[in-house]
Amino acid sequence: MSTNDGEQSDRSVTIVVPTYREVLSLPHLLDRIAAVRAKAGRPIDVLVMDDDSQDGSAELVAGRGERWVELCVRTERRGLGAAVLDGLRRARGSVLVCMDADLSHPPEALPQLLRSLEDGADFVLGSRYVAGGTTSDEWGLLRRLNSRVATWLARPLTPVSDPMSGFFALPKRVFERGTELSPVGYKIALELIVKCDCKHVVETPIHFEQRRYGASKLTLEQQLLYLHHLHRLYVFKYGAWRQLVQFVFVGGMGTAVNLLALTALVAAGLAVREALAAAIFASMCFNFVLHRRLRPSDGRRLAWPQHFGVFVAVSSVGAALNFVVALLVVAHLPFPAVQLAALCGIAAATVVNFLASRYLLLREAHVRAA
């Protein structure tokens, strides 16, 4: 891969661009990077990591004839996270940058990211949520809410405001100190911040644009993978508290499901007693699905109907306590919000559920090995 002056430099930059069927966006992105590159005063290369799109991307890059652009067609271990990691490992620059091909990330912000690294940051994010950061007006309410919830779930891992960003830069030496890099899904920045032990993370404002060409890769499956990814990162960072971390993670998600279901049922006119019971059962079902996904070894031991029966039986004491406490709060406090009553019930049941899951359901060995 070539650079501006044909030689590698300690200021050289490699931009890794993961692609899958982005042939319509790719020429516009490369044109904009070329304009930034011409003014940068430092070597900048682009490494396009294409997951065998077979959409003309390879022919497009070859036809442009730009020696500073290289395309790598991947046919194994396809997926956005794997493509980015593969590209970062292949990159020759001393500074590594990742950005999407769909034009949602502005190449024009690259100089500011690089300046932040030169000022001492060990990881820089192009952020939508710091002062000066914006998102496209076409970004719908559901996408905004989804992004905010995902950010909130990652808060115990990093205090940054936009860990979901796919536009970031870091020195290669920081990337190389990462251990056990194995992202699940598409949030590679969060993986690197946690596993490369990045202490000085800087966010620089960007305008996040809605894609103009092609289809979004954000699916329900990707969002479920994100939950799995979060679980793995929690275990990595708080390994000494593995069981408690798993319980709090699953319980927190179940609490959110409980409150959402309760709010919807009460708004639909269901009586408080029935709404509380239905919401508790809904969260119990969700917790079972999440537990089975995060602990596949349990699923291998038991068929899911049997596993569900055991799960419900073990959780029933906590569920009953949850229901009783919530009803008592509703009955004895003047005009309490039903959601507050539900939270009181959940809090009362938490200790019971944790002890039951630890000693009855998970069936971990609690005797020190000889």
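For the structure given in this document, a descriptive report is provided here. (Residues numbered from 1 in each chain as written. Predicted model: local features only at pLDDT ≥ 70, side-chain atom pairs only at ≥ 80, totals over all residues. Heavy atoms only, no water.)

1. Observations concerning helix 1 (residues 26-40)
Item 1. Between the first and last C-alpha of helix 1 there are 21 Å, a value that for 15 residues agrees with the 21 Å anticipated at 1.5 Å per step.
Item 2. Those residues of helix 1 lying buried are Leu-26, Pro-27, Leu-29, Leu-30, Ile-33, Val-36 and Arg-37.
Item 3. Lining the buried residues of helix 1 we find strand 1 (13-19), strand 2 (44-50), helix 2 (57-64), strand 3 (69-73) and helix 4 (110-118).
Item 4. Of the residues flanking the end of helix 1, it is Gly-41, one or two places downstream, whose phi is positive at about 70°. (Helix = DSSP H or I, 4+ residues; strand = E, 2+ residues; numbered from the N terminus. Expected span 1.5 Å × (residues − 1). Buried < 20%, exposed > 50% of the residue type's maximum accessible area, 1.4 Å probe, protein only. Contact = heavy atoms within 4.5 Å.)

2. Description of helix 12 (residues 304-332)
Item 1. The end-to-end C-alpha separation of helix 12 is 40 Å, in line with the 42 Å expected for 29 residues at 1.5 Å each.
Item 2. Its axis deflected by about 45° at Ser-316, helix 12 carries its strongest bend there.
Item 3. Every buried residue of helix 12 is accounted for by His-307, Phe-311, Val-314, Ser-315, Gly-318, Ala-319, Asn-322, Val-325, Ala-326, Leu-327 and Val-329. (Bend = angle between axes of the 7 residues up to and from the residue.)

3. Details of the packing of aromatic side chains
Item 1. Inspection of every chain in the model, using the stated rule, returns four aromatic pairs.
Item 2. Of the aromatic side chains, those joined through ring pairs into one cluster are Phe-288, Phe-308 and Phe-311.
Item 3. Between the NZ or CZ atom of Arg-128 and the centre of the ring of Phe-208, over which it lies, the distance is 4.9 Å.
Item 4. Directly above the aromatic system of Tyr-129 lies the positively charged group of Arg-148, at a separation of 3.9 Å from the ring centroid. (Phe/Tyr/Trp six-rings, centres within 6.5 Å; stacked < 30°, edge-to-face > 60°. Lys NZ or Arg CZ within 6 Å of the ring centre and 35° of its normal.)

4. Observations regarding the nonpolar core
Item 1. One finds Ile-15, Leu-29, Val-46 and Val-97 to be the most contacted residues of the largest nonpolar core, which totals 29 residues.
Item 2. Among the elements of the structure, strand 1, helix 1, strand 2, strand 4 (95-98) and helix 4 are those that each provide at least two residues to this core.
Item 3. Looking at this core element by element, the count peaks at five residues for helix 1.
Item 4. Not counting the four nearest positions on each side in its chain, Leu-29 is found in contact with Val-17, Met-99, Asp-100, Ala-101, Leu-103 and Pro-107.
Item 5. Judged by nonpolar contacts, the second largest core, of 26 residues, contains Ala-83, Phe-123, Leu-192 and Cys-196. (Core = buried A, V, L, I, M, F, W, Y, C linked by side-chain atoms within 4.5 Å.)

5. With respect to the environment of Asp-122
Item 1. Tracing the chain through its elements places Asp-122 in the loop between helix 4 and strand 5 (123-127).
Item 2. Between the C-alpha atoms of Asp-122 and Lys-199, which are 77 residues apart in sequence, the distance is 7.1 Å.
Item 3. A distance of 3.4 Å separates the side chain of Asp-122 from the side chain of Arg-177, its partner in a polar contact.
Item 4. Here Lys-199 takes part through its backbone nitrogen, which lies 3.0 Å from a polar atom of the side chain of Asp-122. (Polar contact = N/O pair within 3.5 Å; in protein donor to acceptor, adjacent residues only side chain to side chain.)

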